[in-house]
Amino acid sequence: MKIDGVAHRSIWPAEHGRSVHIIDQTQLPHRFVTSELATPEEAATAIRDMWVRGAPLIGATAAYGLAMALARDPSDAGLAQAAAMLAATRPTAINLRWALDAVTASVAPLPEDQRAAAAWAKAGEICDEDVEVNHAIGRHGLSLIREIAAHKSGGEPVNILTHCNAGWLATVDWGTATSPIYQAHDAGIPVHVWVDETRPRNQGAGLTAWELGRHGVSHRLVVDNAGGHLMQHGLVDMVIVGTDRTTATGDVCNKIGTYLKALAAHDNGVPFHVALPSSTIDWTVRDGLREIPIEERSGREVTHLTGLTEDGRSETIAITPPTTQATNPAFDVTPARLVTSLITERGICAASAQGLASLFPERRAAS
Ligand SMILES: CSC[C@@H](O)[C@@H](O)C(=O)COP(=O)(O)O
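Residues numbered from 1 in each chain as written. Predicted model: local features only at pLDDT ≥ 70, side-chain atom pairs only at ≥ 80, totals over all residues.

Looking at an unreviewed UniProt entry, one finds the chain named Methylthioribose-1-phosphate isomerase, with Stappia indica as its source organism. You can read under Function (unreviewed entry) in the UniProt record for the chain the words "Catalyzes the interconversion of methylthioribose-1-phosphate (MTR-1-P) into methylthioribulose-1-phosphate (MTRu-1-P). Also catalyzes the interconversion of 5-deoxyribose 1-phosphate and 5-deoxyribulose 1-phosphate. Part of a bifunctional DHAP-shunt salvage pathway for SAM by-products." (UniProt positions renumbered as here; feature names shortened; annotations may be inferred.)

So this is what it looks like as structure tokens:
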């Protein structure tokens, strides 16, 4: 997407082909800073410390990290060790394992001296494919926005609520949840986005608000607890969120708080859609609540806040008594029964085993 008129992706290879550039998302929205990752360890740190985040971008970064590792040690042992190191960075987003498996499968049959170059090319393919897939998700999701817009009068916008950042910063480009929104906006359909702040890391306040603003999409930030109230007052036409892992039965694991939005949507008859590339489906899991590992992050993310002072300095402050302990689960699972539809690159389906099988029949055969 464009930043000040210049097209950007969230990750791009250096010209010499040995490192990648990323946008350091810990610095947004106050500073636009890019960093260069040149080793698998740097890629792992960038993922673990959330310089890059969002399921598809985590996968893309890990793929390049594995290519960097193979440039150093292309042996089978080197490949397995680097893949394990990168896989351990964040446990919930399945795209991480998907991307590492894809690179491993494409290089394992090759002689060692060809592996690094092949892995680099594969990582590039994963990125290009992510852009295409997200664009397709947007095309399908756009039809849902159009349907609602058709019932509006006098330029009244379609009000969409989103949680966390499933925007272009979370992918290589376009985003998943935001792709239909950008495409609707670009097609001249009036849209307005309610952006959940998304405590504790505030991906909504810092990232989604930043991207939507840069693209000129009308939006307003709300505290995480406001969604139910907005829905009760008819101010939300639809919810669109992303996901870190979707089960073969349609359960959706996404940023903590997504489940509560789905409950409120259900109670208020508001459609609750989940946008996802098929790389986010874990075909081996059927029960999201029991089987998906939920990342537990530092309690400090809850007890402290970082922001900009009025004189422009970045500062971290405590918001609790010093002895307060916090628990910080980073994701939750929304059962399939609360999900109106899944928006994938192949089209829209019910959040169920049958729905997914209708779009991905080859996976039904495989499982
Ligand atoms: C297209 S991104 C989908 C999800 O990864 C996104 O909604 C999300 O929960 C991101 O969590 P994060 O902890 O910021 O990596």
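There's plenty left to go through after this.
(A) Molecular detail of the sheet that holds strand 4 (residues 20-23). With antiparallel pairing, the three strands of this open sheet are ordered in space as 3-4-5. One side of each edge strand has no neighbouring strand; the edge strands of this open sheet are strand 3 (11-13) and strand 5 (34-37). Strand-to-strand twist of the sheet, defined as the mean angle between neighbouring strand axes without regard to direction, takes the value 25 degrees. Here strand 3 pairs with strand 4 via three bridges, running antiparallel. Counterpart to Ile11 in the pairing with strand 4 is Ile22. (Pairing = 2+ DSSP bridges. Helix = DSSP H or I, 4+ residues; strand = E, 2+ residues; numbered from the N terminus. Axes fitted to C-alpha atoms, helices over the stretch in contact; angles between N-to-C directions.)

(B) A look at the domain arrangement of the chain. Entries for the chain in the domain assignment read domain 1 (2-129) and domain 2 (148-366). Centre-to-centre separation of domain 1 and domain 2, based on C-alpha positions: 24 Å. With 25 residues of domain 1 at the contact, the number on the domain 2 side is 29 residues. Of all the secondary structure elements, the ones that give two or more residues to the side of domain 1 that touches domain 2 are strand 1 (2-3), helix 2 (55-72) and helix 4 (94-107). Element by element, the count of residues in the side of domain 1 that touches domain 2 is highest for helix 2, at five residues. Class assignment for the residues of the side of domain 1 that touches domain 2 results in 14 nonpolar, seven polar and four charged. (Domains from an automatic or database assignment. Contact = placed C-beta atoms within 7 Å. Nonpolar A, V, L, I, M, F, W, Y, C, P; charged D, E, K, R; others polar.)

(C) Up close: the sheet that holds strand 11 (residues 252-255). Taken in spatial order, the four strands of this open sheet run 13-10-11-16, and their pairing is mixed. The open sheet is flanked by strand 13 (281-282) and strand 16 (331-334), the only strands paired with a single partner. By the bridge criterion, four bridges tie strand 11 to strand 16 in an arrangement that is antiparallel. Paired with Lys255 across the two strands is Phe331, which belongs to strand 16. Against the sheet, helix 9 (residues 258-268) contacts strand 11 and strand 16, and its axis sits at roughly 30 degrees relative to strand 16.

(D) Fine view of the UniProt feature "active site" (unreviewed entry) in the chain. The UniProt record annotates "active site" (unreviewed entry) at Asp244. Mapping Asp244 onto the fold places it in the loop between strand 9 (238-241) and strand 10 (245-247). The class for Asp244 is buried, based on 32 C-beta atoms found within 10 Å. Residues within four places of Asp244 in sequence aside, it is in contact with Ala55, Thr92, Ala93, Ile94, Cys253, Asn254, Thr280 and Phe331. (Buried ≥ 20, exposed ≤ 12 C-beta atoms within 10 Å, placed from the backbone.)

(E) Summary view of the site of the ligand. Arg53, Ala55, Ala170, Gly242 and Lys255 are the nearest of the 18 residues found near the ligand. Across the shell around the ligand, the residue classes tally to seven nonpolar, eight polar and three charged. Each of domain 1 (2-129) and domain 2 (148-366) accounts for three or more of the residues forming the shell around the ligand. (Near = placed C-beta within 6 Å.)

(F) Region of interest: the pairing of strand 14 (residues 304-308). Here strand 14 pairs with strand 15 (residues 314-318) via five bridges, running antiparallel. Of the residues in strand 15, the one forming a bridge with Gly307 is Glu315. Following strand 14, the chain reverses through five residues before pairing antiparallel with strand 15; Gly312 in that reversal takes a positive phi of roughly 85 degrees.

(G) Looking closely at the UniProt feature "binding site: substrate" (unreviewed entry) in the chain. The positions that UniProt labels "binding site: substrate" (unreviewed entry) are, in the present scheme, Arg53, Gly54, Ala55, Arg90, Gln203, Asn254 and Lys255. For Arg53, the position within the fold is in the loop between helix 1 (40-48) and helix 2. Accessibility expressed as a C-beta count within 10 Å gives 26 for Arg53, which makes it buried. Assignment of secondary structure puts Gly54 in the loop between helix 1 and helix 2. A count of 30 C-beta atoms within 10 Å places Gly54 in the buried class.

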